[in-house]
Amino acid sequence: MGGYVDQGGGSKFGDGFRSLVRRKRVDSIHSKSSDSGHHQLAKELSVLHLIAIGVGSTIGAGVYILVGTVAREHSGPALAFSFLIAGIAAALSAFCYAELASRCPSAGSAYHYSYICVGEGLAWIIGWALILEYTIGGSTVARGISPNLALLFGGPDSLPYFLARHTIPGLGIVVDPCAALLVFTVTALLCVGIKESTFVQSIVTTANICAMIFVIIAGGYLGFKSGWVGYKLSTGYFPFGIDGMLAGASTVFFSYIGFDSVASTAEEVKNPQRDLPLGIGAALSICCMLYMLVSAVIVGLVPYYAMDPDTPISSAFASHGIQWAAYIITIGAVTALCSTLMGSLLPQPRILMAMARDGLLPSFFSDVNKRTQVPTKSTILTGTVAATLAFAMDVEQLAGMVSVGTLLAFTMVAISVLILRYVPPDEVPLPPSLQAAIDSVSLRYSNIISTEETDVEISKAVTGVSGEKDQLLSKKGEISAESPLIAKVAAQAIFNEKQRRTIAGWTIMLTCVGAFILTYSASNLGIPSYIRLTVCGIGGLLLLFGLGVLTSIDQDDARHNFGHSGGFICPWVPLLPILSILINTYLLLNLGADTWMRVSVWLLIGVFVYVIYGRNHSSLQHAVYVPASHVDEIYQSSAESSPSQ
């Protein structure tokens, strides 16, 4: 079949490896028209809906506690700068998400982008990790609502009996009916429809923002009235130094996690090329601004060393005689948790649906309700599991596992941007039902190619050509017949392009290795200092080498036509994605051994599920890979031949 490759043949080892690296194509008019096995999600979301989802998923109740802990232990009065630096670091990932979301607007978020740019194996790992993130995240948030809700009723034990926490005798298990009831309520709301659930989330998020604005305005008034005593300290603005401020930034970075929920709704956005980047950018900007203003006000009201680590904002207002502010702040915390709960439960059914559409999970997860146009079955299953965990388990010790899925996704999205720019897929999979048309087009190109040595070289290079150079190849036969010199020039251009792609591919891999070596050696204080410095130097040199090479070579012409054009373009490539990879890798390696032990168990289960089910049921199991420039011709040939069949 010439240059066209069927992924189904070969040895067992070869099949196993190919299954890990096979990549699906970006959704197109051809794939959507031929895919009648599932209903599409409702396109109901505008940029305002996306901002509500992003802000609601990001701003949790943690900020009401985090300002006290980080100020006391790390940043001091420079807390606002810690939030700013963390916001900039999060923006690096947001830029990468914005480009991929606008180019590939389909359900699945980072799983979807990884499958297109990297391969099935890593995409499965990302999807499996995201399932864990959203399940544990939703359960953790739900368990945190009832204590805050009880404060509104007068005290820790003031909830009605049927909602209050109880300890099961003999087992020592603390059950939380309130948490389970809230999860089921949110699940029912998500099943009604994406527009309706987003409207409710907008109301809850607005209430939370109003509480934060109250803190900013009222706190600002108290600060001016009292003379900002928190900033008039002998220790200065940086009592823990610049290192303390940076340590605070790495801690508060996790308060920005949540904006990626916007990307998971890409298939339900009316104008994804415009609205997705705007929604992601606006949500992150609003969160950063609110975090900075709240932290700047609170550390000015009370000296950082005197802040209450458990209730820093309430105690700051109480120290100025405003006891009733605690109720407003508690309302803000409750609404923040409810909004974050919705943001945690919203993406997971869409991740499951995307994986099921690709055949990696049973088709049960891909069913979309005809009336509500949401994946109802996946949503109900997600809610049931999360409610069970929230009811019967204290998942606080598992909260660190939430960050692993997010940071792995952030890292993979940054790598995907580099791949998209320098080595975008030049072959795309087509279903075996098009085999006759594929053979026809393959034969047509084989007949054009002459037996001259130059032509043989071009024939071998046919699958490695992309963009404008691939279009040149389609006319090669006529050119070679009329002018061997032009054919030689064309062959040289194709050889140079293959060489550029090979260099770019290896450089991206070495850059990722360098980021891992540098961050691992910098984080591991148990290694002798001279070994640490040596290894750090090696990692740093690999990073600088990768940055230099990628900056000096051309990006691939095919990037202009990859996916849906006309959307957001990530700036400062390759510098920005490389910085994102470096930061996220550093944070991943500093999550702690206990967290990685738990996550490793979950990932091993995922590998087992993939080997037993996903690999053998993948929709790409028998796909035929063809040059991207031949796809339209193959579909046209299939359409022409179908009436006669």
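Just so we're clear, the structure is a prediction, and the values are computed from it rather than from any experiment.

Peer 1: I'd like a description of unusual backbone geometry, backed by residues and values.
Peer 2: Note the cis peptide between Val573 and Pro574, where omega equals 15°. Here Pro574 shows up in the loop between α23 (529-552) and α24 (575-589). Despite not being glycine, Ser109 shows a phi value in the positive range, around 50°. Within the fold, Ser109 resides in helix α6 (residues 109-117). Here Gln373, not a glycine, exhibits a phi torsion of approximately 60°, which is positive.

Peer 1: With reference to specific residues and values, describe the packing of aromatic side chains.
Peer 2: Applying the stated rule across the entire model yields 25 aromatic pairs. Relative to Trp228, the ring of Phe224 has its centre 5.4 Å away and its plane inclined at 75°; by these criteria the two rings are edge-to-face. Judged by its relative accessible area of 68%, Phe224 is exposed. A residue is classified by how much of its surface remains accessible, and Trp228, at 18% relative accessible area, is buried. Between the aromatic rings of Phe516 and Tyr520, the centroid separation amounts to 6.0 Å while the plane-to-plane angle is 15°, which identifies the pairing as stacked. Note that Phe516 and Tyr520 are positioned in helix α22 (residues 484-523) at a spacing of four residues, about one turn of the helix. Relative accessible area serves as the criterion here: at 44%, Phe516 is assigned to the partly exposed category.

Peer 1: Summarise a nonpolar patch on the surface; cite the residues concerned and give the values.
Peer 2: Taken together, the side chains of Phe81, Ile85, Tyr237, Phe238, Ile242 and Leu246 present a nonpolar region at the surface, about 490 Å² in accessible area. Looking at the nonpolar patch, the elements that each hand over two or more residues are α5 (79-103) and α10 (241-252). Of note, Phe81 is situated in helix α5. Judged by relative accessible area, Phe81 falls into the partly exposed class, the value being 38%.

Peer 1: Give a description of helix α14 (residues 325-345) that names residues and reports values.
Peer 2: One turn of an α-helix holds 3.6 residues; hence residues three or four places apart share an orientation. The end-to-end C-alpha separation of α14 is 31 Å, in line with the 30 Å expected for 21 residues at 1.5 Å each. Among the 21 residues of α14, 16 are classified as buried, and the element is accordingly described as predominantly covered.

Peer 1: Lay out the packing of helix α7 (residues 120-152) against helix α16 (residues 376-392) with the relevant residues and their values.
Peer 2: Packed helix pairs are specified by the crossing angle of their axes together with the interaxial distance, meaning the distance between the axes. One can describe the packing of α7 onto α16 by two numbers: an axis separation of 8 Å at closest approach and a directional angle of 45°. On the basis of their axis angle, the class for α7 and α16 is oblique. Between α7 and α16 lies a crossing of right-handed hand. For the pair α7 and α16, contact is made by Thr135, Ile136, Ser139, Ala142 and Arg143 and by Val385, Ala386, Leu389, Ala390, Phe391 and Ala392, respectively. Of the residues that constitute the contact of α7 with α16, the class distribution is eight nonpolar, two polar and one charged.

Peer 1: Tell me about the pattern of salt bridges, residues and numbers included.
Peer 2: Tallied over the full model, the rule gives 13 salt bridges. Here Arg501 and Asp426 are joined by a salt bridge, their closest N and O atoms 3.8 Å apart. Residue Arg501 is found in helix α22, and its partner Asp426 is found in the loop between α17 (400-422) and β4 (427-430); the two are separated by 75 residues along the sequence. With respect to burial, Arg501 and Asp426 carry one shared label: buried. Measuring nitrogen to oxygen at the nearest pair gives 2.7 Å for the salt bridge that ties Arg500 to Asp556. Linking Arg500 in helix α22 with Asp556 in the loop between α23 and α24, this pair joins segments that are 56 residues apart in sequence. Neither residue differs from the other here; Arg500 and Asp556 are each classed as buried. Within the structure, one salt-bridge network assembled from shared partners comprises Asp426, Glu497, Arg500, Arg501 and Asp556.

Peer 1: Can you tell me about helix α8 (residues 177-192), naming the residues and giving the values?
Peer 2: Here α8 spans 23 Å end to end across 16 residues, near enough to the 22 Å set by a 1.5 Å rise per residue. Its buried side turned inward, α8 meets α7, β3 (173-175), α9 (194-226), α14 and α16. Where α8 terminates, the next one or two residues include Gly193, which has phi positive at roughly 160°.

Peer 1: Outline the packing of α8 against α14, listing residues and values.
Peer 2: Contact geometry for α8 and α14: axes closest at 10 Å, N-to-C directions at 60°. By the angle between their directions, the pair α8 and α14 is classed as oblique. For the pair α8 and α14, the sense of crossing is right-handed. Here α8 contributes Leu182, Val183, Val186, Thr187, Leu189 and Leu190 to the contact with α14, which in turn contributes Leu341, Met342 and Leu345. Along the lines of polarity and charge, the residues of the contact of α8 with α14 split into eight nonpolar, one polar and no charged.

Peer 1: Lay out the nonpolar core with the relevant residues and their values.
Peer 2: Counting residues in each nonpolar core, the largest one holds 150 residues, and the members touching the most others are Tyr64, Tyr97, Ile298, Ile313 and Phe317. In terms of residue count, the dominant contributor to this core is α17 (16 residues). Setting aside its immediate chain neighbours within four residues, Tyr97 contacts Ser109, Ala110, Tyr113, Phe259, Asp260, Ala263, Ile280, Ala409, Phe410 and Val413. Membership of the second largest hydrophobic core comes to 12 residues, among which are Leu434, Val626, Val631 and Tyr635.

Peer 1: I'd like a rundown of the confidence of the model for the protein chain, residues and numbers included.
Peer 2: Model confidence for the protein chain is summarised by a mean pLDDT of 86, while 88% of its residues fall at 70 or above. Across the protein chain, element-level confidence peaks in α24 with a mean pLDDT of 96 and bottoms out in helix α19 (residues 453-460) with 45. This model gives residues 32-37 a pLDDT under 50, and the stretch forms one contact once residues within four places in sequence are excluded. Within the model, pLDDT remains below 50 along residues 450-481, and this stretch shows 56 contacts once partners closer than five positions in the same chain are excluded.

Peer 1: Report on the environment of Ala356, specifying residues and quantitative values.
Peer 2: Its place among the elements puts Ala356 in helix α15 (residues 347-357). We classify Ala356 as buried; its relative accessible area is 7%. In this structure the C-alpha to C-alpha distance between Ala356 and Gly614, which are 258 residues apart in sequence, comes to 9.2 Å. Beyond its immediate chain neighbours, meaning those up to four positions away, Ala356 contacts Leu361, Pro362, Phe365 and Ser366.

Conventions used here
Along each chain, residue indices are assigned from 1 in the same order as the chain's sequence is written. For this predicted model, a pLDDT threshold of at least 70 governs which residues receive local features, and a threshold of 80 or more governs which side-chain atom pairs are given and counted, while totals over whole chains, interfaces and linings are taken from all residues. The basis for every side-chain value is the complete set of non-hydrogen atoms in the structure, without hydrogens or water. Helix and strand labels come from DSSP, where a helix needs a run of H or I of at least four residues and a strand needs a run of E of at least two; each type is numbered from the N terminus. Each pair of aromatic rings taken from Phe, Tyr and Trp, with Trp reduced to its six-membered ring, is defined by centres within 6.5 Å and is described as stacked if the planes are under 30 degrees apart, edge-to-face if over 60, and tilted in the remaining cases. Three labels apply to residues, based on accessible area from a 1.4 Å probe with only protein chains included: buried if under 20% of the type maximum, exposed if over 50%, partly exposed otherwise in between. Here the term patch refers to residues with relative accessible area over 30% and no salt bridge, with like charges joined within 9 Å and nonpolar side chains (Val, Leu, Ile, Met, Phe, Trp, Tyr) within 5 Å. A 1.4 Å probe and the Shrake-Rupley method give the accessible areas. Residues count as covered only by the protein chains that appear here. Think of a salt bridge as a Lys or Arg side-chain nitrogen and an Asp or Glu carboxyl oxygen that are within 4 Å of each other. A helix is expected to span 1.5 Å multiplied by its residue count minus one. All axes here are fitted lines through C-alpha atoms, helices being fitted over the stretch that makes contact, and every angle between N-to-C directions spans 0 to 180 degrees. Each angle gets one of four labels, with under 35 degrees taken as roughly parallel, over 145 as roughly antiparallel, 65 to 115 as roughly perpendicular, and the rest as oblique. The hand of a helix crossing depends on one turn: near helix anticlockwise from the far one by less than a right angle means left-handed, and clockwise means right-handed. The contact definition used throughout considers only heavy atoms, calling two residues in contact when any of these lie within 4.5 Å. Residues are grouped as follows: Ala, Val, Leu, Ile, Met, Phe, Trp, Tyr, Cys and Pro are nonpolar; Asp, Glu, Lys and Arg are charged; all remaining types, including Gly, are polar. Grouping buried Ala, Val, Leu, Ile, Met, Phe, Trp, Tyr and Cys residues that are joined through side-chain atoms within 4.5 Å yields what is termed a nonpolar core. A score from 0 to 100, pLDDT tells how confident the predictor is in each residue.

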